[in-house]
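# Overview (structure and organization)
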Amino acid sequence: MRLRTSTALGCLYAASAALAADDSDIFDQIVNVKSKEAEPSAPKAEIEHPDVTILDKPENAVLFEQFQDAGAAERWKASNAKKDEEFSYVGKWGFEESTVLPGLDGDKGLIMKSPAAHHAISTRFDKPLDNTGKTLVLQYEVKLQKGLECGGAYMKLLSENAALHQEEFSSESPYQVMFGPDKCGSTNKVHFIVRRKNPKTEEYEEKHLALPPIARINKLSNLYTLVIHPNQDFEIRINGEVSRAGNLRDEGTFKPAFDPPKEIEDENDEKPDDWVDEEYIPDPDQAEKPADWDEDAPFQIPDPDAEKPEDWDEDTPAYIPDPEAEKPEDWDDEEDGEWVAPEVPNPECEDHGCGPWEAPLIRNPNYKGKWVQPKIKNPDYKGEWSPRLIPNPDYYEDKTPSNLEPIGGIGFELWTMQNMIMFDNIYLGHSVAEAESVGNSTWAVKHKIEEAEEEALAPPPTKKERKNYESALDFFRDDPLGYIVESLRMFILSFSVDPVSAIKNQPSVAVSVAVTMLSGFAIVFGILNVILYGIKSALFSKKQPVKKESKEEKSSQEPSGKSSSAAASSGSATKRKT
């Protein structure tokens, strides 16, 4: 099975997994072999699982990591730093074989072990990577053994400096490139961020790919490849297929762009007083409503061409009292009024119309509605005003953004709700051919086995089985309520662990929750006010004597009794069948 280049199709939207939390795991030290606490391996289907192939380091690779030797635990150092002076990187790392859909026997990888925790781990290079005038290739495998509902699986290429070798790796550690999948709720993308120094301000800016591809959310091994060429072209491949490609310097490809705009709007410019920006004005030649304009003409009128059918019987009522209706036993004529049977359609009118005939309504050809003065093109219109453009004092040209600053190591600095995320077969070097060869020898072999295993172990579909969607929009269109519930569930889970990250990742859900809570408080407060007002009125109002009316007085005040209201409520009004 060879890696190939074509347009990628997207990914599955939702892959749900159970959240298994073990507080003791969070504080465990890094391990380099399968421990006793490791989850039991999933049963293997009757599929051949060959042994993993250990490859030699490619000639043009700066780093090639398969995590197969005992020295991996020494090369990779877990961080003990504090994150934002509040959260610690307490997530546990392990070097283990896959426990879900295993592909190759003995194939170990780097695994995030702790759910709902911050993780950080890195490795340094013996010699910094200098990418000046060279092709840069970063490739690695990601396996979401429990799926991914909220978390990251991206990698950072760390800047070479003294702090890299002296301080603990953290979110504050400077980097050159960030690349890889990230998902939380409806957000699902493969990051490609270049951290670039502004020569004018000497400050670093993060350049984000404007339209990143969608990550593959499944339980198989997926191969992510980033290629940056010295001519500024780039490619993002997923499982060997090109998912995004372009040029670093093309307008709109990155936000903000590598080159600032040459011209900017003059902040001191003001719109002239005589500037006319109204494109249309009322027509001065039609300032008055025409004499024949009838605003009171109805929208519909009786059809003048309609004729009453010959068999229409106007003398026969369309509705008659229900002959099968009986007065309820508890009906009191004195209290409830005279009982009148409800009406039903007249059976004699089943084949023809009965009752007063009226012509059907049609649209009135003379209807014009409310008159509004017509508008014409403004002869003095100058267009929409905007400030004049002036040369940008902060303009500069970054002609070779592919020439990154020296890179001294790589690291994973992540937060995730789901654990058991596995990384494997990391290649960082200068040869696309070498990366493809590595992928063909490792990922392509295991991926084929994992697909066969997944198919063999798949349970028969059930009515309650969760669907997979290509995007959040597809999920919402198919099941709006389910999408809302799932988004809310993920927000609550994320908020309970890291409120700031939850709000940043799902701002729309956060706003909706806040509005709902405020509305709920307002309703409860209003109900309490009504209740308190009622209690206050009952306690402090004076009782007024009530005169008891005799039946004769009541009858004189209500000459029609309750019979008329009872007849109205029983549906005795004349109805017409057309």
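Since this is a predicted model, take the numbers as computed values, not measurements. (Residues numbered from 1 in each chain as written. Predicted model: local features only at pLDDT ≥ 70, side-chain atom pairs only at ≥ 80, totals over all residues. Heavy atoms only, no water.)

## A closer look at the packing of aromatic side chains
Centre distance and the angle of the planes are the two values used to describe a pair of aromatic rings. Taken as a whole and judged by the stated rule, the model has 14 aromatic pairs. For the pair Phe67 and Phe95, a centre-to-centre distance of 5.8 Å together with 40 degrees between the ring planes defines the contact as tilted. Residue Phe67 is located in the loop between strand E1 (61–65) and helix H2 (72–75), and its partner Phe95 is located in strand E5 (residues 93–97); the two are separated by 28 residues in the primary sequence. Neither residue differs from the other here; Phe67 and Phe95 are each classed as buried. Joined through ring pairs, the aromatic side chains of Phe67, Trp76, Trp93, Phe95, Tyr140, Phe179, Tyr224, Phe412 and Phe423 make up one cluster. Note that Arg195 overlies the ring of Tyr204, its terminal NZ or CZ placed 4.2 Å from the centroid. (Phe/Tyr/Trp six-rings, centres within 6.5 Å; stacked < 30°, edge-to-face > 60°. Helix = DSSP H or I, 4+ residues; strand = E, 2+ residues; numbered from the N terminus. Buried < 20%, exposed > 50% of the residue type's maximum accessible area, 1.4 Å probe, protein only. Lys NZ or Arg CZ within 6 Å of the ring centre and 35° of its normal.)

## Topic: unusual backbone geometry
In this structure, the amide linkage connecting Lys255 to the following residue, Pro256, adopts the cis form with an omega of -10 degrees. For Pro256, the location among the structural elements is in the loop between strand E17 (254–255) and strand E18 (263–265). In this structure, Ala116 is a non-glycine residue whose phi angle is positive, near 50 degrees. Within the secondary structure, Ala116 sits in the loop between strand E6 (108–112) and strand E7 (117–129). Since its relative accessible area comes to 24%, Ala116 is described here as partly exposed.

## Observations regarding the UniProt feature "transmembrane region" (unreviewed entry) in the protein
UniProt records the feature "transmembrane region" (unreviewed entry) for residues 509–535 in the present numbering. Annotated as 100% helix and 0% strand, the span residues 509–535 places its first and last C-alpha atoms 39 Å apart. (UniProt positions renumbered as here; feature names shortened; annotations may be inferred.)

## Structural notes on a nonpolar patch on the surface
On the surface, Ile523, Val524, Ile527, Leu528, Ile531, Leu532 and Ile535 cluster together into a nonpolar patch covering about 660 Å² of accessible area. Within the secondary structure, Leu532 sits in helix H10 (residues 507–540). (Patch = residues over 30% accessible without salt bridge, like charges linked within 9 Å, V, L, I, M, F, W, Y side chains within 5 Å. Areas by Shrake-Rupley, 256 points an atom, 1.4 Å probe, with all protein chains shown as cover. Salt bridge = Lys/Arg side-chain N within 4 Å of Asp/Glu carboxyl O.)

## Some points on the environment of Gln506
Inspection of the secondary structure puts Gln506 in the loop between helix H9 (499–505) and H10. Counting along the chain gives 322 residues from Gln506 to Cys184, while the straight-line C-alpha distance between them is 7.6 Å.

## Focus on the confidence of the model for the protein
Overall, the predicted model of the protein reaches an average pLDDT of 83, with 81% of residues at or above 70. In the model, residues 1–42 has pLDDT below 50 throughout and makes 112 contacts with residues more than four positions away in sequence or in other chains. Confidence over residues 542–578 falls short of pLDDT 50; this stretch has 40 contacts with residues more than four positions distant or in other chains. (pLDDT = per-residue confidence, 0-100. Contact = heavy atoms within 4.5 Å.)

## A word on the pattern of salt bridges
Think of it this way: side chains of opposite charge can pair up when their charged atoms draw near. Evaluated as defined, the whole model comprises 22 salt bridges. Linking Glu202 and Lys197 is a salt bridge whose minimum nitrogen-to-oxygen distance equals 3.0 Å. Owing to a relative accessible area of 49%, Glu202 belongs among the partly exposed residues under this scheme. Residue class for Lys197 comes out partly exposed when judged on its relative accessible area of 36%. Linking Asp269 and Arg388 is a salt bridge whose minimum nitrogen-to-oxygen distance equals 3.2 Å. One end of the pair, Asp269, is in the loop between E18 and strand E19 (280–282); the other, Arg388, is in the loop between strand E24 (375–377) and strand E25 (389–391), and 119 residues separate them in sequence. Given a relative accessible area of 17%, Asp269 falls into the buried group. With relative accessibility at 48%, the residue Arg388 sits in the partly exposed group.

## What about the pairing of E7?
Sheet topology places strand E2 (residues 77–78) next to E7; 2 bridges connect them, and they run antiparallel. By the bridge assignment, Ala78 is partnered in E7 with Ile121. Examined bridge by bridge, E7 and strand E26 (residues 407–416) share 9 bridges and lie antiparallel to one another. When the bridges of E26 are listed, Ile121 appears paired with Phe412. (Pairing = 2+ DSSP bridges.)

## Re the environment of Ile426
Inspection of the secondary structure puts Ile426 in strand E27 (residues 421–429). Apart from the residues lying within four places of it in its own chain, the contact partners of Ile426 are Leu63, Phe64, Glu65, Phe67, Trp76, Gln139, Tyr140, Met155, Ile410 and Phe412.

## Things to note about the pairing of E1
Counted residue by residue, E1 has 4 buried out of 5 residues, so it is predominantly covered. As paired strands, E1 and E27 are joined by 4 bridges and run antiparallel to one another. Across the sheet, Glu65 pairs through a bridge with Ile426, a residue of E27.

## Thoughts on the side chain of Asn425
In this structure, Asn425 sits in strand E27. Reaching out from Asn425, the side chain makes a polar contact with the side chain of Gln66 at a distance of 3.3 Å. Setting aside anything within four residues of it in sequence, one finds Asn425 in contact with Glu65, Gln66, Phe67, Gln139, Tyr140, Glu141, Thr442 and Lys446. (Polar contact = N/O pair within 3.5 Å; in protein donor to acceptor, adjacent residues only side chain to side chain.)

## Some points on the state of the cysteines
According to the stated counting rule, one finds 2 disulfides in the structure shown. Each sulfur in the disulfide pair Cys150 and Cys184 lies 1.9 Å from the other. When the S-S torsion is -85 degrees, as for the bridge of Cys150 with Cys184, the disulfide is left-handed. Of this pair, Cys150 sits in strand E9 (residues 150–152) while Cys184 sits in strand E11 (residues 175–184), and the two are 34 residues apart along the sequence. Residue Cys150 is classed as buried on the basis of its relative accessible area of 1%. In this model Cys349 forms its disulfide with Cys354; the gap between the sulfur atoms is 1.8 Å. Between Cys349 and Cys354, the S-S dihedral sits near -105 degrees, and the bridge is therefore left-handed. No difference in accessibility class separates Cys349 from Cys354, as the two residues are buried. (Disulfide = S-S within 2.5 Å.)

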